Amino acid sequence: MSAISARIPALARGDRGRALSWLRYAGTPLIVTAALLTDYLWVHSMRLDSIEQRTLNREYLVSKTTEHLKLTVIATVLIMAMAVPLGILVSRVRARWFPPLILGLANIGQATPAIGVLVLLTILYGPGFGIAMTSLVAYSALPVLRNTLTGIEQVDRSLIEAARGMGMKPAQILLRIELPLAVPVVLAGLRTALVFCVGVATLATFVNAGGLGDILVNGIKLDRDPVLITGSVVTASIALLVDWAGGLAERILKPKGV
């Protein structure tokens, strides 16, 4: 009887843990769905004028959301293709001055205001999609670069020595030990970079690259609160969902036992 009584609190704690885990991963989609639904019902309860109707319609919203996601996804792919290999390269250089130099250069890209980079590049090369992409990559690459370097450096040296003792080559050690163990840290950096990209991509409207920034600017210029609020809600929802998906990917791809 006492053994059964002792198990009841443990089972209750397990149930609470599973419930909290479920709420943690289902909470963000539920909040986003509630926010979008509330905005939808609020807008449809209003009498929209012709200017608001030209912006707050399904075709226009889907088009601008697609453009925004395109900017974010392409920028993220470019960041991964550049920052991860660069982080690996930096980790292989033995000179102590080299990593701070590379991270310092990446810090300049993030410290510089994104709108300032857009203006400068537009003056030099003219507006366009490529200018917006350059600004996005320059502003958002630092978290992935820094976390790649940090993740590799944090791998237990004894594991690497053991692998060398087993006859593994440097490339094998990198691919089979260092990178798999660095995955959670790298994904955390990618998660941050994705959120940065979603936010900065709103500035692409100033270089004729589209995105949800078009809706925000229309709401500001035309003094239409429904347009401005809807654009803000959709942008914030994408950022929250991207962060949620990144957290889910971290959990799924995290090596067992880490």
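Whatever comes next refers back to the structure up there.
## Brief notes about the overall build of the protein chain
Looking only at helices and strands, one finds 10 helices and 0 strands in the protein chain. The linear arrangement of helices and strands in the protein chain, starting from the amino end, is α-α-α-α-α-α-α-α-α-α. Evaluated residue by residue, the protein chain yields a buried proportion of 39% over its 258 residues. Relative to all contacts within the protein chain whose residues are 6 or more apart in sequence, the contacts with residues 24 or more apart total 79%. With the model as given, the accessible surface of the protein chain reaches about 15000 Å², and the carbon-plus-sulfur share is 67%.

## Comments concerning the nonpolar core
Ranked by size, the top nonpolar core spans 49 residues in total, and within it L71, I79, L136 and V144 carry the most contacts. Looking at this core, the elements with two or more residues in it are α3 (58–92), α4 (98–111), α5 (114–125), α6 (129–153), α8 (170–200) and α10 (225–253). Of all the elements, α6 adds the most residues to this core, at 11 residues. In this view, V144 contacts I79, M80, A83, V84, G189, L190 and A193; residues no more than four positions away in its chain are not counted.

## With respect to unusual backbone geometry
Here the phi dihedral of N208 falls at roughly 60°; this positive angle occurs in a residue that is not glycine. Structurally, N208 is set in the loop between α8 and α9 (213–221). With a relative accessible area of 65%, N208 lands in the exposed category. With a phi close to 55°, D223 is a non-glycine residue in the positive phi region. Turning to its location among the elements, D223 is positioned in the loop between α9 and α10. Relative accessible area serves as the criterion here: at 61%, D223 is assigned to the exposed category.

## A short note on the packing of aromatic side chains
One pass over the full model with this rule turns up 1 aromatic pair. A cation over an aromatic ring shows up here: K70 above the ring of F129, its NZ or CZ 5.4 Å from the ring centre.

## Quick notes on the environment of I88
Its location among the elements puts I88 in helix α3. Each residue touching I88, except ones within four places of it in the same chain, is listed here: T148, I152, L174 and L179.

## Some points on the side chain of D214
When you line up the elements, D214 lands in helix α9. Look at D214 and you get buried, because its relative accessible area is 14%. Engagement of the side chain of D214 in a polar contact is seen with the side chain of K64, the distance being 2.7 Å. A distance of 2.4 Å separates a polar atom in the side chain of D214 from a polar atom in the side chain of T205. Look past the residues within four positions of D214 in its chain and what remains in contact with it is Y60, K64, E67 and T205.

## Some points on the pattern of salt bridges
The final tally for this structure, using the stated rule, is 8 salt bridges. The closest approach of N and O atoms between R92 and E178, which form a salt bridge, is 2.4 Å. With R92 in helix α3 and E178 in helix α8, the pair connects residues that are 86 residues apart, well separated along the chain. The class of E178 is buried, set by a relative accessible area of 4%. Each of the salt bridges in this network shares a partner with another, and the network as a whole consists of D49, E52 and R224.

## Comments concerning the packing of α8 against α10
As a packed pair, α8 and α10 sit with axes 9 Å apart at the nearest point and diverge in direction by 170°. Of the possible angle classes, the one that applies to α8 and α10 is roughly antiparallel. The segment α8 lies against α10, with V183, P184, L187, A188, R191, L194, V195 and V198 engaging T235, I238, A239, V242, D243, G246, G247, A249, E250 and L253.

Cut-offs used in this document
Residues numbered from 1 in each chain as written. Predicted model: local features only at pLDDT ≥ 70, side-chain atom pairs only at ≥ 80, totals over all residues. Heavy atoms only, no water. Helix = DSSP H or I, 4+ residues; strand = E, 2+ residues; numbered from the N terminus. Buried < 20%, exposed > 50% of the residue type's maximum accessible area, 1.4 Å probe, protein only. Contact = heavy atoms within 4.5 Å. Areas by Shrake-Rupley, 256 points an atom, 1.4 Å probe, with all protein chains shown as cover. Core = buried A, V, L, I, M, F, W, Y, C linked by side-chain atoms within 4.5 Å. Phe/Tyr/Trp six-rings, centres within 6.5 Å; stacked < 30°, edge-to-face > 60°. Lys NZ or Arg CZ within 6 Å of the ring centre and 35° of its normal. Polar contact = N/O pair within 3.5 Å; in protein donor to acceptor, adjacent residues only side chain to side chain. Salt bridge = Lys/Arg side-chain N within 4 Å of Asp/Glu carboxyl O. Axes fitted to C-alpha atoms, helices over the stretch in contact; angles between N-to-C directions. Parallel < 35°, antiparallel > 145°, perpendicular 65-115°, else oblique.

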